[in-house]
Amino acid sequence: MAEAAASARSCVGHGGGGGCFLRRRLLAGAAFLAAFGLAASALGAAADDAAAGRVHVTLNVADMLVASSSCDGTPPPREHKHGAASGTRMTIVHRHGPCSPLADAHSKPPSHEEILAADQSRAQSIQHRVSATATSWEPTELKGAAASGALPVSSGRALDTGNYVVTIGLGTPASRYTVVFDTGSDTTWVQCQPCVVVCYKQKDRLFDPAKSSTYSNISCASSYCSDLYTHGCSGGHCLYGVRYGDGSYTIGFFAQDTLTLSSDSIKGFRFGCGERNRGLFGQAAGLLGLGRGRTSLPVQTYDRYGGVFEHCLPARYTGTGYLDFGPGSPAANARLTPMLTENGPTFYYVGMTGIRVGRQLLPIPPSVFSTAGTLVDSGTVITRLPPTAYSALRSAFSEDMAALGYKKAPALSILDTCYDLTGRSEVALPRVSLLFLGGACLDVDASGILYVASPSQACLGFAANEDDGDVGIIGNTQLKTYGVLYDISKRVVGFSPGAC
């Protein structure tokens, strides 16, 4: 058994020769099993997989369905490494799951078609922003926009997607608010009183600046005002404005107050106090901006947390993950890749170099990935790939799924490679691995390979961009269960498997 296991391991690194050797050993054992009246079909299938370079992971189909009304619990406390600076841990939940403070037994979550349509809007908005700011960053002045809502569409991304939320405290005394956390946005904002003209419906009470002893508006003359992507002035006070790709927007005063993250208090934190807000924000009170821009939380708290944070997104809607702030030694199994900061502001760019399906490195020229670049985005649901890369992935994945005997199902929105898993509680899937500069590898968790809309429609959780020149996006479906580390100081992004 030990010798056979060693041969199996050799197949992973050395391909065909080891596969042929293992096939001979497995088939030779079939006669032995037959002598005891045992079927040799399982060994034959394993031999075929080994020879073809296939590697499978197991997915529990029921875990992927939004059926349970109970929450699995909270993540463990953060373990600080010896000598590490202090930090804090917050709980992450899916905003439509039973663990979410926004969950409402009487409300219906968005359909999968609605989620994927909004995700497409977000991806296109990110690509528009990247193409507009690839070589320079120029703030724009907010003039009549405060009255008309006519903000530049490139100033934000669509939010009505399968996002994750955290709970923060704001003001003195602190009031609790559930907000979307987003690595693709810089400015943090919440809805505020008084609500001018219109505000969308949220579950928490609106933040009331008059009830906080530490609140103050930021002056138009302050250098902080010009840090905003879009800014203006009213009565000597700085205005901010963000409009998202789906037409949603938030406008109000740029202010400062005490922000509470778990047990940590951040004094003088700058954020948007939105007095005119419209859109489908899922009853969240606002947004926590975790980008690399000057108004983002990691940049504002650089002296305290060193520009370091990490998140882990749960595999199931009923699960919980974490959002950590503060430096520490990377996990022993962390796979690090350079953060390509020269590619532009806000986003976390990485150098993707290839894709493996099982043991097979797909024949994709490296230039396909380097031409447009790739970024990691916590708010995008489905990973976007250059069409050339996606075509190769779809072909290899479909071939393996056909060998496993799965029946095809109709396409779902932007997802064109779907399967009918009716009657199956567990399924074997081809392993999909994303490769990055520096040798980093993200072996996508089984929960992130398929987007399961229903047992009869489970789709490959990747989609193609319109053009090979559009930036690639690593979405949150493929990041599930990984501790994703962002270290602005050291300019690295890390992937630690099995973190939550």
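Quantities reported herein were computed from a predicted structural model and do not represent experimental measurements.

Conventions and cut-offs
- Residues numbered from 1 in each chain as written.
- Predicted model: local features only at pLDDT ≥ 70, side-chain atom pairs only at ≥ 80, totals over all residues.
- Heavy atoms only, no water.
- Helix = DSSP H or I, 4+ residues; strand = E, 2+ residues; numbered from the N terminus.
- Buried < 20%, exposed > 50% of the residue type's maximum accessible area, 1.4 Å probe, protein only.
- Contact = heavy atoms within 4.5 Å.
- Polar contact = N/O pair within 3.5 Å; in protein donor to acceptor, adjacent residues only side chain to side chain.
- Salt bridge = Lys/Arg side-chain N within 4 Å of Asp/Glu carboxyl O.
- 1 Å grid on protein atoms, 1.4 Å probe; cavity = no way out; pocket = protein on both sides within 12 Å on 5 of 7 lines; lining within 4 Å.
- Points joined across faces, edges and corners; volume = space filled by probe spheres on them.
- Nonpolar A, V, L, I, M, F, W, Y, C, P; charged D, E, K, R; others polar.
- Phe/Tyr/Trp six-rings, centres within 6.5 Å; stacked < 30°, edge-to-face > 60°.
- Lys NZ or Arg CZ within 6 Å of the ring centre and 35° of its normal.
- Pairing = 2+ DSSP bridges.
- Axes fitted to C-alpha atoms, helices over the stretch in contact; angles between N-to-C directions.
- Core = buried A, V, L, I, M, F, W, Y, C linked by side-chain atoms within 4.5 Å.

1. Focus: the overall build of the chain
Within the chain, the secondary structure is distributed over 11 helices and 31 strands. Relative to its full complement of 500 residues, the chain shows a buried share of 54%. Taking all contacts inside the chain whose residues are at least 6 apart in sequence as the whole, residues at least 24 apart take part in 73%.

2. Quick notes on the side chain of threonine 88
Among the structural elements, threonine 88 can be located in strand S2 (residues 88–94). Threonine 88 sits in the buried class, given a relative accessible area of 3%. Polar contacts involving the side chain of threonine 88 include one to the main-chain carbonyl oxygen of leucine 261, which spans 3.3 Å.

3. A few points about the pattern of salt bridges
Opposite charge on two side chains permits pairing when their charged atoms draw close. In this structure the tally under the stated criterion is eight salt bridges. A salt bridge links aspartate 420 to lysine 407, with the shortest nitrogen-to-oxygen separation between them at 3.7 Å. With aspartate 420 in strand S22 (residues 418–420) and lysine 407 in strand S21 (residues 407–409), this residue pair connects regions lying 13 residues apart in the sequence. A relative accessible area of 18% places aspartate 420 in the buried class.

4. Topic: empty space enclosed by the protein
Counted under the stated rule, the structure contains two cavities of 30 Å³ or more. Within this model, the largest cavity holds a volume of roughly 210 Å³. Contributing to the lining of the largest cavity are 18 residues, with His94, Tyr317, Tyr451, Thr477 and Lys480 lying nearest its centre. Listing elements by their share of the lining of the largest cavity, those giving two or more residues are helix H4 (112–132), strand S26 (450–454) and helix H11 (476–479). The element that contributes the greatest number of residues to the lining of the largest cavity is S26, accounting for three residues. A breakdown of the residues in the lining of the largest cavity according to their chemical character gives 10 nonpolar, six polar and two charged.

5. As for the packing of aromatic side chains
Under the definition given, this model contains 12 aromatic pairs. Consider the rings of tyrosine 177 and phenylalanine 207, whose centres lie 6.1 Å apart with planes at 80 degrees: the pair is edge-to-face. Placement of tyrosine 177 in strand S5 (residues 175–182) and of phenylalanine 207 in the loop between strand S6 (189–191) and strand S7 (216–217) is noted, with a sequence separation of 30 residues between them. The positively charged end of arginine 89 is found above the aromatic ring belonging to tyrosine 322, 3.9 Å away from the centroid. Sitting above the plane of the tyrosine 229 ring, arginine 129 keeps its charged end 4.5 Å from the centroid.

6. A closer look at the sheet that holds strand S27 (residues 457–460)
Ordered by their spatial adjacency, four strands build an open sheet running S21-S22-S27-S26, and the pairing between neighbours is antiparallel. The sheet is open, and its two edges are formed by S21 and S26, each paired on a single side. Taking the axes of each pair of neighbouring strands and ignoring which way they run, one obtains an average angle of 35 degrees across the sheet. Relative to S22, S21 runs antiparallel, the two sharing three bridges. Opposite lysine 407, over in S22, you have aspartate 420 as the bridge partner.

7. Some points on the nonpolar core
Ile355 and Leu434 are the most contacted members of the largest nonpolar core, which has 80 residues in total. Ranked by the residues each element gives to this core, the list is headed by helix H9 (residues 387–403), at seven residues. Other than its neighbours up to four places away in sequence, leucine 434 contacts Met352, Gly354, Ile355, Ala440, Cys441, Leu442, Val444, Phe462 and Ile474.

8. Quick notes on the environment of aspartate 186
Within the fold, aspartate 186 resides in the loop between S5 and S6. Separated by 111 residues in sequence, aspartate 186 and leucine 297 have C-alpha atoms that sit 7.4 Å apart. Apart from residues lying up to four places away in sequence, aspartate 186 is in contact with Gly289, Gly291, Arg292, Gly293, Thr295, Ser296, Leu297 and Thr346. Here the side chain of aspartate 186 touches glycine 293 through a polar contact of 2.9 Å, landing on its backbone nitrogen.

9. Notes on the sheet that holds strand S25 (residues 441–443)
With antiparallel pairing, four strands are arranged side by side in an open sheet as S18-S17-S24-S25. Both outer strands of the open sheet, strand S18 (360–361) and S25, are each paired with one neighbouring strand and no more. Where strand S24 (residues 432–436) and S25 come together, three bridges link them in antiparallel fashion. By the bridge assignment, leucine 434 is partnered in S25 with leucine 442. Sheet strands in contact with H9 are strand S17 (352–357), S18 and S24, and its direction is about 15 degrees off that of S17.

10. Some remarks on unusual backbone geometry
Cis rather than trans, the peptide bond between threonine 172 and proline 173 has omega equal to -5 degrees. With respect to the helices and strands, proline 173 occurs in the loop between strand S4 (164–170) and S5. The peptide bond linking glutamine 193 to proline 194 adopts the cis configuration, its omega dihedral lying at -5 degrees. Take proline 194: it is sitting in the loop between S6 and S7. You will see that serine 413, though not glycine, has its phi angle at about 55 degrees, which is positive. Of note, serine 413 is situated in the loop between S21 and S22. We note that threonine 481 has phi near 75 degrees; this positive angle belongs to a residue other than glycine.

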